[in-house]
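Structural overview
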Number of protein chains: 4
Amino acid sequence: MLCQSNDELQLLVNQAREVIEDGNVADYIPALAKAEQNKLSVALFYPDGRLYSAGDTSENFTLQSISKVLALALALIDHGEEYVFQRVGKEPTGDPFNSIAKLETNKPSKPLNPMINAGALAVTHMIKGESVGHRFERLLEFIRCLSSNETISYNEEIAKSEYDTADLNRALAFFMKQHDVITENIEGLMDLYTKQCAIEMNCNDLARIGCVLAMDGRNPETDEQIIPVDVARICKTFMVTCGMYNASGEFAINVGIPAKSGVAGGIMGSIPKKCGIGIFGPSLDDKGNSIAGIRLLEMMSRQYSLSMF
Amino acid sequence: MLCQSNDELQLLVNQAREVIEDGNVADYIPALAKAEQNKLSVALFYPDGRLYSAGDTSENFTLQSISKVLALALALIDHGEEYVFQRVGKEPTGDPFNSIAKLETNKPSKPLNPMINAGALAVTHMIKGESVGHRFERLLEFIRCLSSNETISYNEEIAKSEYDTADLNRALAFFMKQHDVITENIEGLMDLYTKQCAIEMNCNDLARIGCVLAMDGRNPETDEQIIPVDVARICKTFMVTCGMYNASGEFAINVGIPAKSGVAGGIMGSIPKKCGIGIFGPSLDDKGNSIAGIRLLEMMSRQYSLSMF
Amino acid sequence: MLCQSNDELQLLVNQAREVIEDGNVADYIPALAKAEQNKLSVALFYPDGRLYSAGDTSENFTLQSISKVLALALALIDHGEEYVFQRVGKEPTGDPFNSIAKLETNKPSKPLNPMINAGALAVTHMIKGESVGHRFERLLEFIRCLSSNETISYNEEIAKSEYDTADLNRALAFFMKQHDVITENIEGLMDLYTKQCAIEMNCNDLARIGCVLAMDGRNPETDEQIIPVDVARICKTFMVTCGMYNASGEFAINVGIPAKSGVAGGIMGSIPKKCGIGIFGPSLDDKGNSIAGIRLLEMMSRQYSLSMF
Amino acid sequence: MLCQSNDELQLLVNQAREVIEDGNVADYIPALAKAEQNKLSVALFYPDGRLYSAGDTSENFTLQSISKVLALALALIDHGEEYVFQRVGKEPTGDPFNSIAKLETNKPSKPLNPMINAGALAVTHMIKGESVGHRFERLLEFIRCLSSNETISYNEEIAKSEYDTADLNRALAFFMKQHDVITENIEGLMDLYTKQCAIEMNCNDLARIGCVLAMDGRNPETDEQIIPVDVARICKTFMVTCGMYNASGEFAINVGIPAKSGVAGGIMGSIPKKCGIGIFGPSLDDKGNSIAGIRLLEMMSRQYSLSMF
């Protein structure tokens, strides 16, 4: 049986806090380095509308890599499965999320999956719209709809900070442009991508999005089918095979649910047919995942038998 | 609802046969090249003892890479999770199953997961016993127990043929010996590993093993817990993240169940809490998976909504 | 004894022409693809002022990668050996000239040598000047001085064509910017680098430059020390270890002299203390070297015992 | 003008000794770890028979990688250039001498050059003879002839120690056997190769061999052509492009002569038409080259203008 009260969650949060100091906040951009390391929050959202939560639930954080799942969903809606997967692969990789080597060794050049940076850039490139601004508005609107929160926006300071330091992503993008995986202006794509990563919400919002994915793309409160069933399934599959950077395999063994993390400390979980999970804990382990968030999910997986396997 | 009759399966087999000629039988060892390309069989085994099957169900085939899952289960029983995963990783890889490069670039050298050849050799190295012969007997007895078939043995001709041509596996094994991942005599390990790969059964046997894994390691007919729950869960998790060679990610999207293939054409499926699947179809696609077997599972996944995601 | 007449050279040119049709002109940018495949010319320039030549000696061609040697010389003059080699390595590589993988795997990230694209970009980045325009003027002036030809300039059409298609070089440059090897604006660097590659001359000019390098940096006619002795020695050393792309080792064995090629079909040779060689033949072998130029040098090496080894 | 007295050399040796303590003796096999770190000796042998030397000139050391040059010479004599270079490449590599990755990524699999371990194993495989014992006798006889020293033999303890720990070389050899680059029994090849590496001499012997190479394969005292001119040239070329492990490019710039080092601390130099050099200094730098030997050669190169470039 799943969690039935805020108090249960609070106990788990208290325990998970113990590992916070074994991690560090992301420091690759100044704006992220300002995060308060000790924050930790979790929310569970059930299809019947119940929301359980604990910790610093009102804290906002940027999605970062979690946005890769949502951009993928939108690109699949925009173009269909066949088009998208001609341009980005489906296979997990043992290389780091920001690696460029496989773009060179794989012939023809094609990012291995949409959860590594190269693949995510190729996916964001596919979001339709009349302009970069329009494409971002479409993505933002999609995410507002998924979270049932019309106030969601992006953090301009973090977006700008990431844009200014995105040279590795520029390298990936230009490499793919050389190989015709990306065809648009790279600075426009960087603008769009860094804003996408800087979309901001709290753990309650994230749990609601996870729940939509869990319910096969349907908003359980409105019955609206926001994401087609197949697209939701594809997203959850990638979350299992490549959702937690280079610790995806270990996470699948230890926790066993579809989940996607971001370097701001967020984790979105999605337990098929059951519930959505939103976590925020900016202290990261050496793989870039929220160290207390992972611990929390491991405890929840054992206590509530969450593993799908 | 899952399949309820042999006839249903037969219809799917007939359809799946259409892709057989797009593939080829494995030809890297002479003994495998003799397989009859047109064979195709499938069996479903339910926890309540029902067995549905279709096609050439009496055909025996060697497990090849399917044995990696079972050797892993035995090694985990022998040594526990911590010991085993100090010596072999948990992460999927974008490299081919027989690649050596990551053993060199990863520091310290450690095979990425137990489903690639390097990892499987490291796992087989961990099977306990007083001698190579004794270790093989233990593995064989374990597999007989899992399949409820005391007559299961190995194909001597294929084992010998693989032993004689196992130079790439020797290279992997010596590389790992250099780095203390493997410490035993390499020719003994090759003897054990090639016999393990040559263990032979039919699709009914394989479906029964898949069902034990599906039922968390418990033989549904005898209630015997052959594999501890955690070990069964770990095995199924690896089957999802790395069970189908370099097509694991695509298979997870298109089929979405734990499955492991071998180059002799076998596929073992294991649908948690539901059933085990055994498939044999020696015509392989370019990734080394049974081409008609994959097609069959894709059709079954759609028809019976098998995907876990 | 070295070549003593135009007629001798003409005979060799006639023979070398036979392999022209086994190669192809560079086609990665439209402007280069327009080259006439059948052109072939060679010039030898001796320190005593004699110039022997044969073939289409008045044909102009762009330096392309040959410019890497001259930019290196200028950067070494500008900053000294220590500064330059903190930012670019000295070792040959088995990877292609435009490869990015080693920038990722080498820690800290540093291009392996100045003759591959990554290293050449890092070198051009070091050319001093108040602006991109000024830096290019300095390089051009340096090359005019080396060739004793004040009319040398660059091909605007080819420079623009390369600039427009330089996405792979942009990827290399941004990757190095991420790792602080390059710190300037990338588009400015691309402008400078593509103009550098498009500097244009004929084989006589090139032979004169080769002779300056051969005479330890001294213009034999004016006695001016244009390049310091050590810098000239370093340039010639790189020409031996990495001057002919991925065929440098083979060229060292078969010809055995310092030489640098470019994809427009030029080859600059520099035989220490003896003479300079300029060759132009736009039909390239599969490594990107002038196919008839290489043949010519192999014949000359045998006939005149040119190998230093 | 080259060195004209033992005293000159002694002064240089005294200076070079200062860096000895910045290095370490090889410790990858116990037998090498016993070397006395402080030893340093050098010998110059001129074609006119003069021998200048300084330091611990009577110290014997094993050739280790220096033997790769001599085995290559013998294989070229046995089979000719075409046969040998169909099986091993001519190109320098940026990878470590014992790397296996390029054997996997290069298609078809072929070691990049004869100076890395993979290439050296492929070369030793080509030494003709009726048995492993006979092949080793032939190599030993060849080296005795080159050094004009009939007493040269091999160090059994070191050979055995290397044989017992040669698992990485076994991995390389089996990988190449899988790809038909090597076709013989691997243990026999390991026996031959480890004995080859354990051939023992002092710096005077090594200087004499270097002199034969310098004189285009001719023994200057007897006028015997021990090595064909072309073979001697090829050997010297490889010594320049890949003779000093991953520091070959730097050595070419700083010293500029053909030279080959070994992890026991030996360096063989060969200055075309001028002289042979033998050095022994077991304290190694981080690339595996004699740290004081390199320093000595750098000082000699400056003092006597040895660089060919």
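Because the structure is a prediction, the values reported are computed rather than measured.

On to the overall build of chain A. The helix and strand inventory of chain A stands at 14 helices and eight strands. Here the C-alpha atoms of chain A give a radius of gyration of 18 Å, agreeing with the 19 Å that 2.2 N^0.38 yields for 309 residues. When its C-alpha atoms are laid out on the principal axes, chain A stretches across 55 × 40 × 35 Å. By residue count, 66% of the 309 residues in chain A fall in the buried class. Long-range pairs, those at least 24 residues apart, make up 68% of the contacts in chain A with a sequence separation of at least 6.

Least-squares fitting of chain B to chain A yields an RMSD of 0.0 Å, with the transformation described by 0.0 Å of translation along the axis and a rotation of 180°. The transformation relating the two chain copies, once decomposed into turn and shift, fits a two-fold axis. Among all C-alpha atoms of chain B, that of B:Thr93 lies closest to the rotation axis, at 2.2 Å. Here 100% of the contact residues of chain B are again contact residues in chain A; the copies associate through an equivalent surface.

The next point concerns the interface of chain B and chain A. Each side of the interface is counted separately: chain B has 29 residues, and chain A has 29 residues. In total, chain B and chain A occlude about 2,400 Å² of area from one another, counting both sides; carbon and sulfur atoms represent 63% of this. Of all residues in chain B, B:Glu91, B:Ile253 and B:Phe309 give up the largest surface area on contact with chain A, accounting jointly for 30% of the area buried on that side. Taken together, the links from chain B to chain A amount to four salt bridges.

All names here are of chain A. In the numbering used here, UniProt assigns the feature "binding site: substrate" (unreviewed entry) to Ser65, Asn117, Glu162, Asn169, Tyr193, Tyr245 and Val263. For Tyr193, the position within the fold is in helix H10 (residues 186-197). Overall, Tyr193 belongs to the buried group, its relative accessible area being 3%. With near-sequence residues (within four places) excluded, Tyr193 lies in contact with Lys68, Asn117, Ala120, Leu121, Thr124 and Asn169. Mapping Val263 onto the fold places it in the loop between strand E6 (259-261) and strand E7 (266-271). Taking relative accessible area as the criterion, Val263 reaches 12% and is therefore assigned buried.

Our focus in this paragraph is the packing of aromatic side chains. Applying the stated rule across the entire model yields 22 aromatic pairs over all chains. The interplanar angle of 5° and the centroid separation of 5.5 Å between the aromatic rings of B:Phe174 and D:Phe174 together place this pair among those described as stacked. Of the two residues, B:Phe174 is situated in helix H9 (residues 167-178) and D:Phe174 in helix H9 (residues 167-178); the pairing between them involves two chains. Its end group placed over the ring of C:Tyr245, C:Lys260 keeps NZ or CZ at 4.5 Å from the ring centre. When the ring centre of D:Tyr46 is taken as reference, the NZ or CZ atom of D:Arg50 above it lies at 4.4 Å.

Quick look at the pairing of strand E1 (residues 41-45) of chain A now. Residue and element names in this part refer to chain A. The element E1 is extensively covered by neighbouring structure, given that five of its five residues are classed as buried. Neither face of E1 is left uncovered, since the one carrying Ser41, Ala43 and Phe45 and the one carrying Val42 and Leu44 both have all their residues buried. Of the strand pairs in this sheet, E1 and strand E2 (residues 51-55) are connected by five bridges, and their pairing is antiparallel. For Ala43, the partnering residue across the bridge sits in E2 and is Ser53.

Our next topic: the pattern of salt bridges. Under the criterion given, the structure shown has 81 salt bridges over all chains. For the salt bridge of A:Arg17 with A:Asp56, the shortest nitrogen-to-oxygen distance reads 3.7 Å. Placement of A:Arg17 in the loop between helix H1 (6-16) and helix H2 (30-33) and of A:Asp56 in the loop between E2 and strand E3 (61-62) is noted, with a sequence separation of 39 residues between them. Classification of A:Arg17 as partly exposed rests on a relative accessible area of 29%. Between D:Glu36 and D:Lys39 there is a salt bridge, with the nearest N and O atoms lying 3.9 Å from each other. By relative accessible area, D:Lys39 is classed as buried at 18%. Overlapping salt bridges bring together A:Asp95, A:Lys102, B:Asp95 and B:Lys102 as one network.

Chain B shows no contact with chain C. Their nearest C-alpha atoms sit 9 Å apart. The two units chain A and chain D are non-contacting; their minimal C-alpha-C-alpha distance is 9 Å.

Bringing the interface of chain D and chain C into the picture now. Many authors give the size of an interface as the accessible area that is lost as the parts come together. Listed by partner, the interface residues are 29 residues for chain D and 29 residues for chain C. Carbon and sulfur atoms supply 63% of the area that chain D and chain C bury against each other, a total of about 2,400 Å² over both sides. Of all residues in chain D, D:Glu91, D:Ile253 and D:Phe309 bury the most surface against chain C, accounting for 30% of the area lost on that side. On the surface where chain D and chain C come into contact, there are twelve residue pairs in polar contact (both at pLDDT 80 or more). Those elements that provide at least two residues to the side of chain D that touches chain C are helix H12 (229-242) and helix H13 (248-254) of chain D. Looking at the side of chain D that touches chain C element by element, the count peaks at seven residues for H12(D).

All names here are of chain B. It is the contact of helix H6 (residues 117-126) with helix H10 (residues 186-197), at a shortest axis distance of 10 Å, that shows an interaxial angle of 110°. The angle between H6 and H10 falls in the class roughly perpendicular. Between H6 and H10, the residues in contact are Asn117, Ala120, Leu121, Thr124 and His125 and Leu189, Met190, Leu192, Tyr193 and Gln196, respectively. A breakdown of the residues in the contact of H6 with H10 according to their chemical character gives six nonpolar, four polar and no charged.

Residue and element names in this part refer to chain D. As summarised here, the arrangement of the three strands in space is E3-E5-E4, forming an open sheet in which the pairing is antiparallel. Each of the sheet's edge strands pairs with one partner strand only, and the pair in question is strand E3 (61-62) and strand E4 (153-154). Sheet topology note: the E4/strand E5 (residues 199-201) ladder contains two bridges and is antiparallel. The residue of E5 that forms the bridge with Tyr154 is Ile199.

Our focus in this paragraph is unusual backbone geometry. Residue and element names in this part refer to chain A. Looking along the chain, the bond that leaves Lys107 and enters Pro108 is cis, with omega of -5°. The backbone of Asp216 shows a phi angle near 60°, a positive value even though the residue is not glycine. By secondary structure assignment, the location of Asp216 is in the loop between helix H11 (203-214) and helix H12 (229-242). With a relative accessible area of 19%, Asp216 lands in the buried category.

Attention shifts here to the state of the cysteines. Following the criterion strictly, the structure yields zero disulfides over all chains and no others. Left unpaired, A:Cys3 is separated from the closest cysteine sulfur, that of A:Cys275, by 8.9 Å. A residue is classified by how much of its surface remains accessible, and A:Cys3, at 0% relative accessible area, is buried. Looking at D:Cys197, it has no disulfide partner, and the nearest cysteine sulfur is the one in D:Cys235, 16 Å off. A relative accessible area of 5% places D:Cys197 in the buried class.

What follows is about the sheet that holds strand E4 (residues 153-154) of chain C. Residues and elements named next belong to chain C. The three strands are arranged E3-E5-E4 in an open sheet whose pairing can be described as antiparallel. In this open sheet, the two strands that pair with only one neighbour each are strand E3 (61-62) and E4. The pairing of E3 with strand E5 (residues 199-201) spans two bridges and is antiparallel. In the strand pairing of E5, Phe61 is matched with Met201. Relative to the sheet, helix H7 (residues 132-147) contacts E4 and E5, its axis offset from that of E5 by approximately 15°.

All right, on to the side chain of A:Ser147 then. Residue and element names in this part refer to chain A. Looking at where Ser147 falls in the secondary structure, it is placed in helix H7 (residues 132-147). Ser147 gets classed as buried once you look at its relative accessible area, which sits at 1%. At 2.9 Å, the side chain of Ser147 forms a polar contact with the backbone oxygen of Ile143. Those residues in contact with Ser147 that sit more than four places away from it in its chain are Ile152, Asp205, Arg208 and Ile209.

In this section: the environment of C:Asp286. All names here are of chain C. Secondary-structure assignment places Asp286 in the loop between strand E8 (275-280) and helix H14 (291-304). Overall, Asp286 belongs to the exposed group, its relative accessible area being 74%. Taking the C-alpha atoms as reference, Asp286 lies 9.9 Å from Asn246; in sequence the two are 40 residues apart.

Residue and element names in this part refer to chain D. Within the element layout of this structure, Ala232 appears in helix H12. Sequence spacing of Ala232 and Asp27 is 205 residues, and the spatial spacing of their C-alpha atoms is 32 Å. Apart from residues lying up to four places away in sequence, Ala232 is in contact with Leu213, Asp216, Gly217 and Ile227.

Cut-offs applied
Residues numbered from 1 in each chain as written. Chains lettered and ligands numbered in written order. Predicted model: local features only at pLDDT ≥ 70, side-chain atom pairs only at ≥ 80, totals over all residues. Heavy atoms only, no water. Helix = DSSP H or I, 4+ residues; strand = E, 2+ residues; numbered from the N terminus. Rg over C-alpha atoms; globule rule 2.2 N^0.38 Å. Buried < 20%, exposed > 50% of the residue type's maximum accessible area, 1.4 Å probe, protein only. Contact = heavy atoms within 4.5 Å. Least-squares fit on C-alpha atoms with pLDDT ≥ 70 in both. Buried area = accessible area lost by both parts, 1.4 Å probe. Salt bridge = Lys/Arg side-chain N within 4 Å of Asp/Glu carboxyl O. UniProt positions renumbered as here; feature names shortened; annotations may be inferred. Phe/Tyr/Trp six-rings, centres within 6.5 Å; stacked < 30°, edge-to-face > 60°. Lys NZ or Arg CZ within 6 Å of the ring centre and 35° of its normal. Pairing = 2+ DSSP bridges. Polar contact = N/O pair within 3.5 Å; in protein donor to acceptor, adjacent residues only side chain to side chain. Axes fitted to C-alpha atoms, helices over the stretch in contact; angles between N-to-C directions. Parallel < 35°, antiparallel > 145°, perpendicular 65-115°, else oblique. Nonpolar A, V, L, I, M, F, W, Y, C, P; charged D, E, K, R; others polar. Disulfide = S-S within 2.5 Å.

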